[in-house]
Amino acid sequence: MQQSNKVKIVTGKVRFSYAHVFQPQASQDGGTPKYSVSLIIPKSDTETINKINKAIEQAKTENAAVWGGTVPKGLKGGLRDGDAEKDDPAYANSYFINANSTQKPGVVDADLNPIMDMTEFYSGCYGRASISFFAYNSNGSKGVGCGLNNVQKMEEGEKLGGATTAAEDFAV
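Residues numbered from 1 in each chain as written. Predicted model: local features only at pLDDT ≥ 70, side-chain atom pairs only at ≥ 80, totals over all residues. Heavy atoms only, no water.

Draft legend 1. Representation of the packing of aromatic side chains in the model. Within this structure, the stated rule accounts for two aromatic pairs. With a centroid separation of 4.8 Å and 50° between ring planes, the pair formed by F16 and F121 is classed as tilted. Of this pair, F16 sits in strand 2 (residues 14–25) while F121 sits in the loop between strand 6 (106–108) and strand 7 (126–138), placing them 105 residues apart in sequence. Judged by relative accessible area, which is 0%, F16 ranks as buried. With a centroid separation of 5.2 Å and 85° between ring planes, the pair formed by Y91 and F96 is classed as edge-to-face. By relative accessible area, Y91 is classed as buried at 1%. Under the relative-accessibility criterion, F96 is labelled buried at 1%. Cation over ring: K13 sits above Y126, and NZ or CZ is 5.4 Å from the ring centre. Here K43 stacks its cationic end above the ring of Y95, 5.2 Å away from the centre of that ring. (Phe/Tyr/Trp six-rings, centres within 6.5 Å; stacked < 30°, edge-to-face > 60°. Helix = DSSP H or I, 4+ residues; strand = E, 2+ residues; numbered from the N terminus. Buried < 20%, exposed > 50% of the residue type's maximum accessible area, 1.4 Å probe, protein only. Lys NZ or Arg CZ within 6 Å of the ring centre and 35° of its normal.)

Here it is in structure tokens:
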């Protein structure tokens, strides 16, 4: 797989979903385990949406050599519409993008202190993410990927995924 230059941005406030930032998860196809998170971005956050779209376009134009010198049509990657693709109220009126990395991301709180307790950063909390966009051309698949650099938890949110605590399950 030919490597490309990365275009890095920091998002505005997003909601984290499918957060695997402390331990990598194996992919469904048995590939290399990766750290990953889905970033849910309100459609009203035009600043973050514009930053992401601009970074994707920059990654395409700066790395066209990955595709033989020209940007092909129908590339994979980019922002996805939560209203069109997810039957989940957490994704309503939002876009989302999945970011991943084989390297462990930094995980910090609002004061930039490292979060060591794995229960403190969870699917449903809110914060910002440092992400990078890169062009790829691998095994016939061409697109712009989203790499996960670091995450910052800024505020609590209702946990996603329907999991309950033991205390909630067994409270009398």
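Picking up where we left off.
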